Amino acid sequence: DAGVIQSPRHEVTEMGQEVTLRCKPISGHDYLFWYRQTMMRGLELLIYFNNNVPIDDSGMPEDRFSAKMPNASFSTLKIQPSEPRDSAVYFCASSYSGTDTQYFGPGTRLTVL
Amino acid sequence: EDKVVQSPLSLVVHEGDTVTLNCSYEVTNFRSLLWYKQEKKAPTFLFMLTSSGIEKKSGRLSSILDKKELFSILNITATQTGDSAIYLCAVGRGYAGGTSYGKLTFGQGTILTVHP
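First, a word on scope: everything that follows refers to the structure included in this document. (Residues numbered from 1 in each chain as written. Chains lettered and ligands numbered in written order. Predicted model: local features only at pLDDT ≥ 70, side-chain atom pairs only at ≥ 80, totals over all residues. Heavy atoms only, no water.)

## Here's the deal with the state of the cysteines
Residues and elements named next belong to chain A.
- Inspection of the entire model under this criterion finds two disulfides over all chains.
- Here Cys23 connects covalently by a disulfide to Cys92, the sulfurs 1.8 Å from one another. Disulfide Cys23-Cys92: the torsion about the S-S bond is -65 degrees, which places it as left-handed. Taken together, the positions of Cys23 in strand S3 (residues 19-24) and Cys92 in strand S9 (residues 88-95) put the pair 69 residues apart, joining distant regions of the chain.
- Judged by its relative accessible area of 1%, Cys23 is buried.
- Overall, the relative accessible area of 0% leaves Cys92 in the buried class. (Disulfide = S-S within 2.5 Å. Helix = DSSP H or I, 4+ residues; strand = E, 2+ residues; numbered from the N terminus. Buried < 20%, exposed > 50% of the residue type's maximum accessible area, 1.4 Å probe, protein only.)

Put into structure tokens, the structure is as follows:
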């Protein structure tokens, strides 16, 4: 079975550019989570969805960040405009509502110059 | 607000040593506690504990939960260099209204380094 799929794996961009990160959750999972990880702040939950509906976006740092889940098999996290402090590893994870176990994708390492 | 605290924050040992990692938590309507291992990539699931006093074991790793004292420990015996990683503890809450159901609150992690 395929795990959580994320793309791209690495992204280098310049300040001010738009960045779009993509995620395909495990088939059948109804929860999808976006996290950001840095050395300073650890693993932070940005937003999560249940059945494609955003449930809690209180972790989204500011209006430059937005996330969508148009269907059960696809989600995007967009940063516009990007800033150097957005540099981090962004993980997508999914789970099934019957359990708390989340399965993480390989992550996208974002570098904003 | 839910809180998960791990200790120590970092630990350096030699191969063959036994280590104990700690995780304490404060969470409303506790449902589960999970341990993850993170090497130079994504966190991978190790254990999920929901009941006090029942040890979960996988090879040299074991974990137990104390719901009265609100903590869990992860033991690794006969450590190997491949055990070097960040170990993350997370808690999930049961439904009690609001928007926290389904999400995990993670601790800051313990960085374990095992030298040959």
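## Regarding the pairing of S3(A)
Residues and elements named next belong to chain A.
- When strand S1 (residues 5-7) meets S3, the two strands line up antiparallel, connected through three bridges. Bridged to Ser7 within S3 is Arg22.
- Inspection of the sheet shows S3 paired to strand S8 (residues 74-79) by five bridges, in the antiparallel sense. What sits directly across from Cys23, in S8, is Ser75. (Pairing = 2+ DSSP bridges.)

## Considering the environment of Asp83(B)
- Following the sequence through the fold, Asp83(B) ends up in the loop between strand S8 (71-76) and strand S9 (85-93).
- For Asp83(B) and Leu112(B), which are 29 residues apart along the polypeptide, the C-alpha to C-alpha distance reads 7.5 Å.

## A closer look at the sheet that holds S8(B)
Residue and element names in this part refer to chain B.
- With respect to topology, five strands assemble into an open sheet ordered S1-S3-S8-S7-S6, the strand pairing being antiparallel. Strands at the two margins of the open sheet, each flanked by one partner only, are strand S1 (3-7) and strand S6 (56-58). Neighbour-to-neighbour, the strand axes of this sheet turn through a mean angle of 15 degrees, independent of strand direction.
- Pairing geometry for S6 and strand S7 (residues 61-66), over three bridges, is antiparallel. For Ser58, the partnering residue across the bridge sits in S7 and is Leu61. (Axes fitted to C-alpha atoms, helices over the stretch in contact; angles between N-to-C directions.)

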